[in-house]
Amino acid sequence: MSNVSIEKDVEVASETQPKWGVFPRELEDEAIYIIREVAAQFERPALLFSGGKDSITLVRLAQKAFYPGKIPFPLVHIDTGHNFPETVEFRDWLANEVGADLIVRYVQDSINQGKVKEETGKYASRNALQTVTLLDTIEEFKFDACIGGARRDEEKARAKERIFSVRDDFGQWDAKRQRPELFDMLNGRISIGENVRVFPISNWTELDVWNYIKEEKMAIPSIYYSHKRQVIERDGMLWADSEYLNKDADEIPFEATVRFRTVGDMTCTAAVSSEAVELDDIIGEILAAEISERGARIDDKRSEAAMEKRKQQGYF
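A brief look at the structure comes next. In this text, all values refer to a predicted model and were calculated from it rather than measured experimentally.

Definitions and cut-offs
- Residues numbered from 1 in each chain as written.
- Predicted model: local features only at pLDDT ≥ 70, side-chain atom pairs only at ≥ 80, totals over all residues.
- Heavy atoms only, no water.
- Helix = DSSP H or I, 4+ residues; strand = E, 2+ residues; numbered from the N terminus.
- Buried < 20%, exposed > 50% of the residue type's maximum accessible area, 1.4 Å probe, protein only.
- Contact = heavy atoms within 4.5 Å.
- Areas by Shrake-Rupley, 256 points an atom, 1.4 Å probe, with all protein chains shown as cover.
- Pairing = 2+ DSSP bridges.
- Axes fitted to C-alpha atoms, helices over the stretch in contact; angles between N-to-C directions.

## Focus: the overall build of the protein
The number of helices and strands found in the protein is 8 helices and 12 strands. Each of the 316 residues in the protein was classed as buried or not, and the buried ones make up 56%. In the protein, 75% of the contacts between residues at least 6 apart in sequence involve partners at least 24 apart. Entry remark: accessible area of the protein is about 14,200 Å², with carbon and sulfur atoms responsible for 49%.

Below, the structure is given as structure tokens:
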């Protein structure tokens, strides 16, 4: 699996050895085992792909799981229409590069069909609206398992998830119905109408992901590296200026040197001030960080249980 140099919005990880330690390869072995179990136990699996570092990692793991064959399930992206352009461009490139089928479904279509309503106000976002589009996509293609890049270290609701996380016939998640997974036994049995979300990198940390990207010399979108960008300051954080933000009169855009630690909808993902232009720099910043990776995600701050409520409704 060779790397290919691509256009300016994609960077390729450095070939130097990790400065901060070696990635624990037993985590890769576990993830590949889980992905192969999905292929063995389910009829119509899919890999949820956003173009972010975690889903990029899943694509590499799926390549390794079935090499030299093709990834035997499609990549699925639920596009809010408010995604970072760099991420969407990378999504299309990577799907083509690895020869994977790519399915894209749009939140705008759900809005046009009257299934969801566009939010209003200063903090309006389409992030939560993805749930309906995702559930419709699962129904359209009859997916019985969707592989996602959630990790337990990201957020407390995600820490409650099993690796095989069952959703009912309405696509909803119930923490009380989680199955035990003793001795790595993964139970994929589901009733008609149910489906499973699968999280192969549940046991990884943010630092594990970055060390893996470095060791595997993987391409990632350029927004993960420091760059100059027009931003506004809101609630003590830096937000990428865009037509999708509902700005107050005093929120005047200015240029700053930033990068993104996590990538989501432009309306709910803040940047961090950074001079990190190499993976070692990013890893050093993570080690020194005093807030979690999702501390820059405003959608997680709407309430104490914001993520859990979205998951109960069918969120990723």
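## Considerations on the sheet that holds strand β10 (residues 237-240)
The antiparallel closed barrel is built from 4 strands, whose spatial order is β9-β10-β12-β11. Here the average twist between neighbouring strands, direction ignored, is 70 degrees. Where strand β11 (residues 254-259) lies against strand β12 (residues 270-273), 2 bridges are found, and the strand directions are antiparallel. Paired with V258 across the bridge in β12 is S273.

## Points about the pairing of strand β6 (residues 164-167)
With burial as the criterion, each face of β6 is covered, one bearing F164 and V166 and the other bearing S165 and R167. Bridging between β6 and strand β7 (residues 195-198) involves 4 bridges; their strand directions are antiparallel. Note that in β7 the partner of V166 across the bridge is V196.

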